[in-house]
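These are the residues of each chain, in order.
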Number of protein chains: 2
Amino acid sequence: MWRLYQFPLCPFSRKVRLLLSEKGVGYELWRENPWDASDEFWALNPAGRTPVLYDPERRLALSDSRAICEYFEETVDKAPMINGTASNRAEIRRLVALFDENFFGDVTMPLLHERMKKRLVLRQPPDSRILREAMKLAHGHLDYIDWLIDNRTWLAGATMSLADLAAAAQISVADYLGGIDWAGHEQTRGWYSVFKSRPSFRPLLSERMEVIQPPRHYAELDV
Amino acid sequence: MWRLYQFPLCPFSRKVRLLLSEKGVGYELWRENPWDASDEFWALNPAGRTPVLYDPERRLALSDSRAICEYFEETVDKAPMINGTASNRAEIRRLVALFDENFFGDVTMPLLHERMKKRLVLRQPPDSRILREAMKLAHGHLDYIDWLIDNRTWLAGATMSLADLAAAAQISVADYLGGIDWAGHEQTRGWYSVFKSRPSFRPLLSERMEVIQPPRHYAELDV
Ligand SMILES: N[C@@H](CCC(=O)N[C@@H](CS)C(=O)NCC(=O)O)C(=O)O
Ligand SMILES: N[C@@H](CCC(=O)N[C@@H](CS)C(=O)NCC(=O)O)C(=O)O
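Since this is a predicted model, take the numbers as computed values, not measurements. (Residues numbered from 1 in each chain as written. Chains lettered and ligands numbered in written order. Predicted model: local features only at pLDDT ≥ 70, side-chain atom pairs only at ≥ 80, totals over all residues. Heavy atoms only, no water.)

Details of the sheet that holds strand β2 (residues 27-31) of chain B
Each strand in a sheet pairs with its neighbour through backbone hydrogen bonds, running either in the same direction (parallel) or in the opposite one (antiparallel). All names here are of chain B. On the basis of which strands lie adjacent, the open sheet formed by 4 strands has the order β2-β1-β3-β4 and mixed pairing. Looking along the sheet, the strands with just one partner apiece sit at the ends: β2 and β4 (60-63). For this sheet, the mean angle separating the axes of adjacent strands, direction not counted, is 25°. In this sheet, strand β3 (residues 52-55) lies alongside strand β1 (residues 2-6) in antiparallel orientation, the contact comprising 3 bridges. (Pairing = 2+ DSSP bridges. Helix = DSSP H or I, 4+ residues; strand = E, 2+ residues; numbered from the N terminus. Axes fitted to C-alpha atoms, helices over the stretch in contact; angles between N-to-C directions.)

This is the structure in structure tokens:
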């Protein structure tokens, strides 16, 4: 059985969990906080980052969430998530990078730093200027997702893809941390609420990070 | 003919150029500074980042260097760079992410900021504390590459792969900016000097960024 080293608010681990669940691949959760990582974890991933997926029988460790997703796309036929022509696939991967890097860097990472790391590790109050800036940038990203949904059924085209999983993973962590103001983003809200009711998403929404509580609407299906 | 929007010291554009050249795909260079990007460029890539590869005839724009490399890996058989079993391919992609994200974040990005952006755009002197820290972290990364070369012919295994191109692209930019101290890294130095003499690498080594000069050893083949 695969072991997934992760913590509940790691958006890259969430993307991998959504993919594994859509593909029907079983795994166990192993809790790892990268800011306080064990030697065992560093040995599995010299980058010291979550997620890591490890198969103890084959002693096979996979790291980097995009490398992990490509691995399961290549080895499991069910629920293809990087599908279509070469240019369709390039569009899916472009959007995955946009959410993993730009949305994460602009929104999720500063929220995690101010609302999780400062609370649990650094014992400092959050900087409200940084929080305001992250929430402002979140609006810009949701505007772009609104525009995609106006033009396409799913973010990268006619079918659900890894781009949808990557976006939902980042948005769900930002939403948990109170960083998403849904007003004015009807298209994204509609797409996200469909997503929230998928069986792959339910377990994520019911999990909690110690000490930090999400806003009331976070796990509700009709919001 | 493909157009590659890039600037000479963008490591992700260098990785794409190495791949295109190894695969024998022709392209034209279009200069774009992301810190001063044209409206035309923002329309091609909403992330506003180089590289972008654009085919004007098909109006096809590809962005994110990993998405671009996967596209050519899928469409051009020559010189496979993400090859082998699914776990070999996962190892190649893990290392690409390590160089694109960790090496870039620890070493190349701070060097570009202090030695290029502050000089050309911000008109400020570099911060020597940040430069020293980047050079210290570079040693750690080269130690890891030394260890890989002790155990494998090429970075990800028995054959040259995208991992080698990604590493060489980051190292070459860091070396141009004076951030690499080669002392004590014989294995990496040997691997890199083989790389420097490849026809795909020669054009990169002879190009110059305006105003900023590389150290003497930068383009020499035997160092
Ligand atoms: N490219 C990696 C990024 C993973 C990542 O940044 N994980 C964060 C947690 S959300 C982490 O471990 N950060 C600790 C660190 O960078 O030292 C992936 O896609 O898996
Ligand atoms: N994930 C992207 C990263 C590209 C990237 O960071 N490019 C830099 C230049 S080296 C850039 O355009 N930075 C400007 C910005 O981030 O606004 C890729 O692999 O292509």
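Here's the deal with the UniProt feature "domain: GST C-terminal" (unreviewed entry) in chain A
Sequence positions flagged by UniProt for "domain: GST C-terminal" (unreviewed entry) are, in local numbering, residues 85-218 of chain A. Strand forms 0% of residues 85-218 of chain A and helix 69%; the C-alpha atoms that close the span are 36 Å apart. (UniProt positions renumbered as here; feature names shortened; annotations may be inferred.)

A few points about the pattern of salt bridges
A full pass over the atoms with the stated rule returns 40 salt bridges over all chains. Linking A:Arg66 and B:Asp64 is a salt bridge whose minimum nitrogen-to-oxygen distance equals 3.7 Å. Of this pair, A:Arg66 sits in helix α3 (residues 65-75) while B:Asp64 sits in the loop between β4 and α3 (65-75), placing the two residues on different chains. Here A:Arg66 falls in the buried class, since its relative accessible area comes to 10%. Put simply, B:Arg89 and A:Glu74 hold a salt bridge, and the shortest N to O gap is 2.7 Å. Of this pair, B:Arg89 sits in helix α4 (residues 86-122) while A:Glu74 sits in helix α3, each in a different chain. The exposure class assigned to A:Glu74 is partly exposed, which follows from its relative accessible area of 31%. (Salt bridge = Lys/Arg side-chain N within 4 Å of Asp/Glu carboxyl O. Buried < 20%, exposed > 50% of the residue type's maximum accessible area, 1.4 Å probe, protein only.)

Details of the UniProt feature "domain: GST N-terminal" (unreviewed entry) in chain A
Per the UniProt record, "domain: GST N-terminal" (unreviewed entry) is annotated on residues 1-80 of chain A. Across residues 1-80 of chain A, helical content stands at 38% and strand content at 22%; the span's end C-alpha atoms are separated by 21 Å.

Thoughts on the site of ligand 1
Within the structure, ligand 1 sits among A:Phe7, A:Cys10, A:Pro11, A:Phe12, A:Pro34, A:Arg49, A:Thr50, A:Pro51, A:Asp64, A:Ser65 and B:Glu101. Flanking ligand 1 are residues from chains A and B. In the environment of ligand 1, a nitrogen atom lies 2.9 Å from a nitrogen or oxygen atom belonging to the side chain of A:Asp64. A total of 510 Å² of accessible area belongs to ligand 1 in isolation, and the protein chains cover 79% of it. Among the residues making up the shell around ligand 1, the classes are represented as 6 nonpolar, 2 polar and 3 charged. (Near = heavy atom within 4 Å. Polar contact = N/O pair within 3.5 Å; in protein donor to acceptor, adjacent residues only side chain to side chain. Areas by Shrake-Rupley, 256 points an atom, 1.4 Å probe, with all protein chains shown as cover. Nonpolar A, V, L, I, M, F, W, Y, C, P; charged D, E, K, R; others polar.)

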